[in-house]
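One letter stands for each residue in the lines below.
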Amino acid sequence: MRRIAALCLGGLLVLAGCPSQQSDVPSVVTILAAGTYTGAVTCTSKATGKTDVQNESNVQVDVSDTGQLYVSGLPYYNGVQQDMSDPDHGITGGMTINSVVENAAAGTIDIAGTGTLSDSQTTYSTRHDIDLVKTSDTQLQITDVYTGESAAVSKTFELSCSGTITKQ
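The notes below deal with the structure included here. (Residues numbered from 1 in each chain as written. Predicted model: local features only at pLDDT ≥ 70, side-chain atom pairs only at ≥ 80, totals over all residues. Heavy atoms only, no water.)

## A look at the overall build of the protein chain
In plain terms, the rule: Each helix is a run of DSSP H or I of at least 4 residues and each strand a run of E of at least 2, with the numbering of both proceeding from the N terminus. Throughout this description, buried means an accessible area under 20% of the type-specific maximum (1.4 Å probe, protein chains only), exposed means over 50%, and partly exposed covers the range between. When checking whether two residues touch, look at their non-hydrogen atoms; a contact exists if any pair is within 4.5 Å.
When its secondary structure is counted, the protein chain shows 1 helix and 10 strands. Sequence-ordered secondary structure for the protein chain, helices as α and strands as β, is α-β-β-β-β-β-β-β-β-β-β. Scored against the burial criterion, the 168 residues of the protein chain give a buried share of 42%. Sequence-distant contacts, at least 24 apart, represent 54% of the contacts inside the protein chain between residues at least 6 apart.

## Things to note about the environment of Asp 119
The following threshold applies: What qualifies as a polar contact is a pair of N or O atoms within 3.5 Å, subject to a donor-acceptor requirement within protein and to the restriction that residues adjacent in sequence count only when both atoms come from side chains.
Inspection of the secondary structure assignment puts Asp 119 in the loop between strand E7 (108–118) and strand E8 (123–134). In this structure Asp 119 comes out as buried when scored by relative accessible area, which is 14%. It is 9.0 Å that separates the C-alpha atoms of Asp 119 and Gly 93, two residues lying 26 residues apart in sequence. Separated by 2.8 Å, the side chain of Asp 119 and the backbone nitrogen of Gln 121 make a polar contact.

## Details of the packing of aromatic side chains
The following threshold applies: Ring geometry is summarised as follows: Phe, Tyr and Trp rings, the Trp one being its six-membered ring, pair when their centres sit within 6.5 Å, and such pairs are stacked at plane angles under 30 degrees, edge-to-face over 60 and tilted between the two.
According to the stated counting rule, one finds 2 aromatic pairs in the structure shown. Ring plane angle 75° and centroid distance 5.2 Å describe the contact between Tyr 124 and Phe 157, whose orientation is recorded as edge-to-face. With a gap of 33 residues between them, Tyr 124 in strand E8 and Phe 157 in strand E10 (residues 155–167) connect regions that are remote in the sequence. Residue classification places Phe 157 among the buried positions, given a relative accessible area of 3%. Ring geometry for Tyr 146 versus Phe 157: centroids 5.8 Å apart, planes at 40°, classification tilted. Of this pair, Tyr 146 sits in strand E9 (residues 139–150) while Phe 157 sits in strand E10, placing them 11 residues apart in sequence. The pair Tyr 146 / Phe 157 is uniform in exposure class, with both members buried.

## A word on the state of the cysteines
Put simply, the rule reads: Here, a disulfide means two cysteine sulfur atoms that sit within 2.5 Å of each other.
Taken as a whole, this structure holds 1 disulfide when the rule is applied. Put simply, Cys 43 and Cys 161 are joined by a disulfide, and their sulfur atoms are 2.1 Å apart. Here Cys 43 and Cys 161 share a disulfide; its torsion about the S-S bond, 115°, makes the bridge right-handed. Here Cys 43, found in strand E1 (residues 35–47), pairs with Cys 161, found in strand E10; they are 118 residues apart in sequence, far enough to count as distant. Cys 161 matches Cys 43 in its accessibility class, with the two residues each being buried.

## So, the nonpolar core
The line we're drawing: Buried residues of nine kinds, namely Ala, Val, Leu, Ile, Met, Phe, Trp, Tyr and Cys, make up a nonpolar core once their side-chain atoms join them within 4.5 Å.
Grouped together as the largest cluster of nonpolar side chains are 36 residues, with contacts concentrated most on Val 61, Leu 69, Tyr 76 and Ile 109. Elements that contribute at least two residues to this core include exactly E1, strand E2 (53–63), strand E3 (69–71), strand E6 (92–103), E7, E8, E9 and E10. Among all residues touching Val 61, those that are not within four sequence positions of it are Gly 35, Thr 36, Tyr 37, Leu 69, Tyr 70, Val 71, Leu 132, Leu 140, Ile 142 and Ile 165.

## Overview of the pattern of salt bridges
How we decide: By salt bridge we mean one thing: a side-chain nitrogen of Lys or Arg within 4 Å of a carboxyl oxygen of Asp or Glu.
Tallied over the full model, the rule gives 2 salt bridges. As a salt-bridge pair, Arg 127 and Asp 129 come within 3.1 Å of each other at their nearest N and O atoms. Of the charged contacts, one joins Asp 137 and Lys 134 as a salt bridge, the two residues approaching to 3.7 Å between their closest N and O atoms.

Here it is as structure tokens:
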């Protein structure tokens, strides 16, 4: 179980490398200035039968000149399918982003996705919610929550990260 929670943290929040420059990624963001927002966030990992773990992690949000949104290198727009598999750890699965809702008046962007993750023993129904709040022209408050539940074996996990990131 700890392996899956660690994978979630690694796969969702600290992917190395630059965001894709794909021209087919739709524009979704109008309230954020183009650029790269980075910073350390505080994360808590919880899993059935395990001790909660807290740590800090770096997160990066990129906004292209045309309003394309990337979180830790992954594109986020309605309908995008993201492969969350990690063959090195025997984990397979993916996620579909179901909605990206921007509220200009409130200065918020809410992202929601669902999917599945499996290891050799357990399959989890997952949900991923990211909330970005524009607190100034150069700062965002990010809350990133990734959860999974396996009703078949009564196991759950949750990775929750939050903090303020700054435009570079």
